[in-house]
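# Notes for the structure review
Spelled out from the first residue to the last, the chains are:
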Amino acid sequence: MNMNSLNDINPGESAIVNSLLSTGSMRRRLLDIGLVENTDIECIGRSPGGDPTAFLIRGAVIAIRSEDCENIIVTRK
């Protein structure tokens, strides 16, 4: 299994969430949008400056900052 942070997933690639290393209110927000273990996530694009990145999570497009993506551990599909 190849474990990466969400920052390592490029547009057009998919992954499965393994764990969240975030704490506090950011962890709560990520859990609230459905980023729980075994969730499918697809990178659909990056902003022109490279941050944030847009992801398709449970049918919704969510933009997540690079610093928060580092704390989301995924396995590439």
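Residues numbered from 1 in each chain as written. Predicted model: local features only at pLDDT ≥ 70, side-chain atom pairs only at ≥ 80, totals over all residues. Heavy atoms only, no water.

### Observations regarding the pairing of strand E6 (residues 72-76)
Among the five residues of E6, four are classified as buried, and the element is accordingly described as predominantly covered. Sheet topology places strand E1 (residues 3-5) next to E6; three bridges connect them, and they run antiparallel. In the strand pairing of E6, Ser 5 is matched with Ile 73. Sheet topology note: the strand E2 (residues 14-20)/E6 ladder contains five bridges and is antiparallel. Counterpart to Ile 16 in the pairing with E6 is Thr 75. (Buried < 20%, exposed > 50% of the residue type's maximum accessible area, 1.4 Å probe, protein only. Helix = DSSP H or I, 4+ residues; strand = E, 2+ residues; numbered from the N terminus. Pairing = 2+ DSSP bridges.)

### A word on the nonpolar core
Counting residues in hydrophobic clusters, the biggest one holds 17 residues, and the most contacted among them are Leu 6, Leu 35, Ile 41, Phe 55, Ile 64 and Ile 72. Among the secondary structure elements, those contributing two or more residues to this core are E2, helix H1 (24-32), strand E3 (40-46), strand E4 (53-57), strand E5 (60-64) and E6. Among the elements that make up this core, the one with the highest residue count is E2 (three residues). Residues in contact with Leu 35, not counting those within four places in the same chain, are Val 17, Leu 20, Leu 30, Ile 41, Ile 57, Ile 64 and Ile 72. (Core = buried A, V, L, I, M, F, W, Y, C linked by side-chain atoms within 4.5 Å. Contact = heavy atoms within 4.5 Å.)

### Some remarks on the pairing of E4
For E4, a buried count of four out of five residues is recorded, marking the element as mostly surrounded by other parts of the structure. One ladder, built from five bridges, connects E3 with E4; its direction is antiparallel. Following the sheet pairing, Cys 43 is matched in E4 by Phe 55. Connecting E3 to the next strand, E4, in antiparallel fashion are six residues, including Gly 50 with a positive phi near 95°. Bridging between E4 and E5 involves five bridges; their strand directions are antiparallel. Among the inter-strand pairings, Ala 54 is bridged to a residue of E5, identified as Ala 63. Between E4 and E5, which pair antiparallel one after the other, the connecting turn spans two residues, and Arg 58 there sits at a positive phi close to 50°.

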